[in-house]
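Take a look at the letters that make up each chain.
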There are 2 protein chains.
Amino acid sequence: MTFQEKLDKITKKNNSLLCVGLDTDLKKILTHLQGRENAQFEFNRAIIDATHDLVCAYKPNSAFYEADGQEGIKQLKLTCDYLRQKHPEIVIVIDAKRGDIGNTNEGYVRYVFDYLGSDAITIHPYLGQEAIKPFLARPEKGAIILCQTSNPGAGEFQNLKVNGKELYKIVAENVARDWNTNGNCLLVVSATYPKEVAEVRKIAGEMTFLVPGIGAQGGNVEQTVKAGLNAKKTGMIINAGRSIIYASQGADFAKKAREETEKLKDEINKYR
Amino acid sequence: MTFQEKLDKITKKNNSLLCVGLDTDLKKILTHLQGRENAQFEFNRAIIDATHDLVCAYKPNSAFYEADGQEGIKQLKLTCDYLRQKHPEIVIVIDAKRGDIGNTNEGYVRYVFDYLGSDAITIHPYLGQEAIKPFLARPEKGAIILCQTSNPGAGEFQNLKVNGKELYKIVAENVARDWNTNGNCLLVVSATYPKEVAEVRKIAGEMTFLVPGIGAQGGNVEQTVKAGLNAKKTGMIINAGRSIIYASQGADFAKKAREETEKLKDEINKYR
């Protein structure tokens, strides 16, 4: 099964474009979990158990686990293993924002695809297609290229004009035209820049977007969905992290996370 | 002590601009080490013991360790711990090529600076200065920004012209002008593109360059050194990995690594 087929299937089954970002920060999770073994995993499992029928994907950001070294990597691995065993139909995106020369990227491929067993990874475009080939070579794995990122200072390079056209559009063009021979490329475009999402949609045809910036980062749902949908009314994985997983700091955190997930899923679907 | 002070001190003490890349691939190391516990670390320790008086820095690339998940991170941590205990004066660069939004970069800061205890990290520029601030905020740690990378396809975006000027030059200009308020920024420029190294030197003043591409990647030593030196005849950390650490596949690998290190150190110094 290709990456896109897996994504299409779960998007349809759960009627959801929503992805929950498992950016689990030990300092922000419940006091009663903090002292326990595998606290990050236990937190993630509770979130997954409460939300798995409402999402198309989960997206752990590797940084929140690497922060604790070996122990953190263990928590991320436990989370991915649990997802693959209990919910093999749900897409796992590792938000790792990697990108090295080709020979070295083989190591990252082993980390995210073979060791963690994830379905997709986020990738920096700066080294070009030639370097990124180890990621592009596997049709069953998604290669999600950073295009227009969500941060306030994203424009420093991404909005520079090359022959009158912004760099993020050149990235989108090159990915759509040359990089996507296996049909497994996606682009990161951000809900904090809905006008740019619409511009990238014009360039990228039916290609799926990974869309951060909803929730804590302030992106507008209606504008983003309308700007980003493809002709099939899909083509988006819309991520929300902190606004869902920290919806409550109390013992009801999983229940509140479900409520937020359901609310956001329905709001997204209202504009499809 | 600032990062630059630490680097200047060891560069002078060992009279060396050379950095050994600890890109240790389990499949390429000695058969008699492979079965052993901590084989990657044992290999690195032998290389370090044989070369520590000839170098200014060691640069493990995180990908070669992440490839094995938790176990690999343990090997990298053991290597960094050993370096800090036995040779605290030598600079440790973690080649991790990270770059996320600000909130998330805090996790990478904890991984490379606090957990591994390294002195510097390589960073993607695509998200701009605003995102990279958690790395820039620590004057005792080097923030090494990718500018002109060593791979054959580097030019796909890096050589695109913005108002007649290549993107890699804009990256160098922005870093030199705005990002370096703590004096802890460095730039990656590659020995495989010596003309570009000279161009970046014109832009970057006395700033130190991390220079990959010597050895297995084919960069020319004389051209690179002449193009990259600053006014003090330093300003470069020149990395060689595979050509040193795999100089021999036999039981004499550490001895051969020392010979290659000495030869390359001397060749670099010949052109200073």
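Residues numbered from 1 in each chain as written. Chains lettered and ligands numbered in written order. Predicted model: local features only at pLDDT ≥ 70, side-chain atom pairs only at ≥ 80, totals over all residues.

**Concerning the overall build of chain A**
Phase 1: For chain A, the count of helices and strands is 13 helices and ten strands.
Phase 2: In terms of overall dimensions, chain A is globule-like: its C-alpha atoms have a radius of gyration of 18 Å, near the 19 Å expected for 272 residues.
Phase 3: Overall, chain A is about 55 × 45 × 35 Å in size when its C-alpha atoms are taken along their principal axes.
Phase 4: Per-residue burial for chain A yields a buried fraction of 56% across its 272 residues.
Phase 5: Taking contacts inside chain A between residues at least 6 apart in sequence as the whole, the part at least 24 apart equals 72%. (Helix = DSSP H or I, 4+ residues; strand = E, 2+ residues; numbered from the N terminus. Rg over C-alpha atoms; globule rule 2.2 N^0.38 Å. Buried ≥ 20, exposed ≤ 12 C-beta atoms within 10 Å, placed from the backbone. Contact = placed C-beta atoms within 7 Å.)

**With respect to the UniProt feature "domain: Orotidine 5'-phosphate decarboxylase" (unreviewed entry) in chain A**
Phase 1: Mapped onto the present numbering, the UniProt feature "domain: Orotidine 5'-phosphate decarboxylase" (unreviewed entry) falls on residues 17–257 of chain A.
Phase 2: A distance of 16 Å separates the end C-alpha atoms of residues 17–257 of chain A, which is 44% helix and 18% strand. (UniProt positions renumbered as here; feature names shortened; annotations may be inferred.)

**Some remarks on the pairing of strand β1 (residues 18–21) of chain A**
Along a regular strand, successive side chains alternate from one face of the sheet to the other.
Residue and element names in this part refer to chain A.
Phase 1: Of the two faces of β1, the one holding L18 and V20 and the one holding C19 and G21 are both buried throughout.
Phase 2: As judged from the three bridges shared by β1 and strand β10 (residues 236–240), these two strands associate in the parallel manner. Note on β10: the bridge partner recorded for L18 is I238. (Pairing = 2+ DSSP bridges.)

**Describing the sheet that holds strand β2 (residues 57–59) of chain A**
Residue and element names in this part refer to chain A.
Phase 1: Ordered by their spatial adjacency, eight strands build a closed barrel running β1-β2-β3-β4-β5-β8-β9-β10, and the pairing between neighbours is parallel. Direction aside, the axes of adjacent strands within the sheet are offset by 30° on average.
Phase 2: Sitting on the sheet, helix α10 (residues 194–204) touches β5 (142–148) and β8 (185–189), and the angle it makes with β8 is about 160°. (Axes fitted to C-alpha atoms, helices over the stretch in contact; angles between N-to-C directions.)

**Section: the interface of chain B and chain A**
Phase 1: Contact with chain B, which involves 45 residues of that partner, is made by 45 residues of chain A.
Phase 2: For the side of chain B that touches chain A, the secondary structure elements donating two or more residues are α4 (63–66), α5 (69–86), β3 (91–98), α6 (102–115), α7 (129–136), α8 (155–158), β6 (161–162) and α9 (167–179) of chain B.
Phase 3: Here the side of chain B that touches chain A gets seven residues from one element, more than from any other, and that element is α6 of chain B.

**So, the relation of the copies chain B and chain A**
Phase 1: Rotating chain B by 180° about the axis while translating it 0.0 Å along that axis superimposes it on chain A, leaving an RMSD of 0.0 Å. What the rotation and shift describe, once combined, is the action of a two-fold rotation axis.
Phase 2: Take the interface residues of chain B: 100% of them recur as interface residues in chain A, which is what a same-surface contact looks like. (Least-squares fit on C-alpha atoms with pLDDT ≥ 70 in both.)

**Side note on the pairing of strand β5 (residues 142–146) of chain B**
Residues and elements named next belong to chain B.
Phase 1: Burial analysis of β5 places five of its five residues in the buried class, the great majority of the element.
Phase 2: Of the two faces of β5, the one holding G142, I144 and L146 and the one holding A143 and I145 are both buried throughout.
Phase 3: Here strand β4 (residues 120–123) runs beside β5; their pairing, made up of four bridges, is parallel. Directly across from A120, in β5, lies its bridge partner G142.
Phase 4: The parallel pair β4 and β5 is bridged by α7, and the resulting crossover is right-handed.
Phase 5: Two strands pair when backbone bridges link them, and β5 and strand β8 (residues 185–188) are joined in this way by four bridges, in the parallel orientation. Bridging across to β8, A143 finds its partner in C185. (Right-handed = clockwise from strand over helix to strand, strands pointing away.)

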